[in-house]
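The residues making up each chain are set out below.
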Amino acid sequence: MTVDVVTFGCRLNAFESEAIRRRAEAAGLADTVVVNSCAVTGEAVRQTRQAIRKLKRERPDARVVVTGCAAQTETATFVAMPEVDRVLGNAEKLSDDAWTETRAVFARGAVDASTKAAVDDIMAVRSGAAPVIDGIEGRARGFVQVQNGCDHRCTFCIIPFGRGNSRSVAMADVIAQVRRLALNGHAEVVLTGVDLTSYGADLAGAPRLGTLVRRVLAEVPELPRLRLSSIDSVEADDDLLAALAEEKRLMPHLHLSLQAGDDMILKRMKRRHLRRDAIDFCAAVRRLRPDIVFGADIIAGFPTETEAMFKSSLDLVEACGLTYLHVFPFSPRPGTPAARMPPVAGHVVKERAMRLRTLGDALLTRHLDGEIGHERAVLAETGTIGRTEQFTPVRLTGGASPGTLIDVLIAGHDGRRLLAA
Ligand code: SF4
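Conventions we followed
- Residues numbered from 1 in each chain as written.
- Predicted model: local features only at pLDDT ≥ 70, side-chain atom pairs only at ≥ 80, totals over all residues.
- Heavy atoms only, no water.
- Domains from an automatic or database assignment.
- Contact = heavy atoms within 4.5 Å.
- Buried area = accessible area lost by both parts, 1.4 Å probe.
- Salt bridge = Lys/Arg side-chain N within 4 Å of Asp/Glu carboxyl O.
- Polar contact = N/O pair within 3.5 Å; in protein donor to acceptor, adjacent residues only side chain to side chain.
- Helix = DSSP H or I, 4+ residues; strand = E, 2+ residues; numbered from the N terminus.
- Nonpolar A, V, L, I, M, F, W, Y, C, P; charged D, E, K, R; others polar.
- Pairing = 2+ DSSP bridges.
- Axes fitted to C-alpha atoms, helices over the stretch in contact; angles between N-to-C directions.
- Near = heavy atom within 4 Å.
- Buried < 20%, exposed > 50% of the residue type's maximum accessible area, 1.4 Å probe, protein only.

Now, about the domain arrangement of the protein: what can you tell me, with residues and values included?
You can read the domains of the protein as domain 1 (3-120), domain 2 (142-367) and domain 3 (375-420). A straight line from the C-alpha centre of domain 2 to that of domain 3 covers 24 Å. The partner domain 3 presents 14 residues to the 17 residues of domain 2 that form the contact. Sorting the residues of domain 2 by area buried against domain 3 places Arg225, Tyr324 and Leu364 first, and these three jointly supply 34% of that buried surface. At the surface where domain 2 touches domain 3, the tally comes to two salt bridges. Taken together, the links from domain 2 to domain 3 amount to 10 residue pairs in polar contact (both at pLDDT 80 or more). Counting only elements with at least two residues in the side of domain 2 that touches domain 3, the list comes to β10 (225-228) and α14 (346-371). Sort the elements by how many residues they give to the side of domain 2 that touches domain 3 and α14 lands first, with four residues. Grouping the constituent residues of the side of domain 2 that touches domain 3 by class yields seven nonpolar, four polar and six charged.

Explain the sheet that holds β10 residue by residue, including any values.
Hydrogen bonding along the main chain pairs the strands of a sheet, whether they run parallel or antiparallel. Read from one edge of the open sheet, three strands run β6-β9-β10, paired in parallel fashion. Both outer strands of the open sheet, β6 (141-145) and β10, are each paired with one neighbouring strand and no more. When the angles between neighbouring strand axes are averaged without regard to direction, this sheet yields 25°. Pairing between strand β9 (residues 188-192) and β10: four bridges, direction parallel. Bridge pairing in β10 links Val190 to Arg227. With respect to the sheet, helix α9 (residues 209-219) is in contact with β9 and β10, its orientation differing from that of β10 by roughly 165°.

Summarise the site of the ligand; cite the residues concerned and give the values.
The ligand sits among Cys150, His152, Cys154, Phe156, Cys157, Ile159, Pro160, Val194, Arg271 and Arg272. Here the shell around the ligand is composed, by residue class, of seven nonpolar, one polar and two charged.

Kindly report on unusual backbone geometry, identifying the contributing residues and their values.
Peptide bonds are mostly trans, and most non-glycine residues show a negative phi. Unusually for a residue other than glycine, Asp31 sits at a positive phi of about 45°. Following the sequence through the fold, Asp31 ends up in the loop between α1 (11-26) and β2 (32-37). Backbone geometry at Phe391 places phi at a positive 70°, although glycine is not the residue there. For Phe391, the location among the structural elements is in the loop between β15 (385-388) and β16 (393-395). Among the residues examined, Phe391 registers a relative accessible area of 14% and is labelled buried.

Take a look at the structure:
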């Protein structure tokens, strides 16, 4: 009789799910499933609803609580679902009182639309405090929240309406959390947030992300590997670049929020960079850290995107020398300005996403080819799968124990993963 958490979306959700389970159990909830949802695309919300129906069929007596960004931005959708017993906002999901109240609501018997939801205005949240966790169950890599929310308003993005405005976790709390995960056996920790490069803007002295990275590495010598989740390259600070150049324990892998390769489209997205900035950033970091690899998010078929503008995105992928491509077919998010712009035809969006993915596959293969014959340090995620410092997946042979760092010789690849000798 426990509380299970089903997590969708980003690493920040994965971090929070650990804290959610603790709080729900501490409140005395049992036979309850919490769905920590994502709203980044329409597909993510559809999958959340589908998962709720499936788990209710499989566990008809279990109580279902929905939280996360889809619950925050589309509360009415989930209140209307008969399978759902409770809807909690993104702030409420980490509040002990909200879980105690949820227990009380369930104890009172059947729930109705008037008692289902506890979702407050996320824009009113000011505190950057993050829950403290001991580890991420079943995961070799630990995630640490350093920031939440976002002050930008990219025209396609619903995240600020799910997560609120940007707020940072105090540096001392981040360092203590990283140390806790390292001492609890996590050989790698990923610093995560919503808009990571805005870290510190709301803290005294306005420390930047690079300052935080330096302090974490200096004050947690026990940690072998530190990784960053997605960053906005145009907001990367000099200290971060210096840390990339000098700190071997900072992993040579950056995931960039690039979104498009055409300047007019970037303007219509209200992004803060132009294609030249992205290309120059990758070249500059590559000079500082030659073994760096880049991943990036790219949207295919943003409203008004012409074939020529799309070709600029394809060209940018090559010009930046990207290795991992996360392709997002444009998904109009309710209430965002881009949802009101003249759309690109659905079949064209699909076709462009397919062309980007094909290019991405070719670039990944080029990277995998270059790894053969090299010895690589790998974090074993399971007995048979691990990842290199560059975040490249590796199929292991020897039955390594999850969470350990091992050196392997790369003997080949299968187009998706490296193969250890
Ligand atoms: S920076 Fe833009 S894309 Fe990223 S979370 Fe903020 S609004 Fe969304």
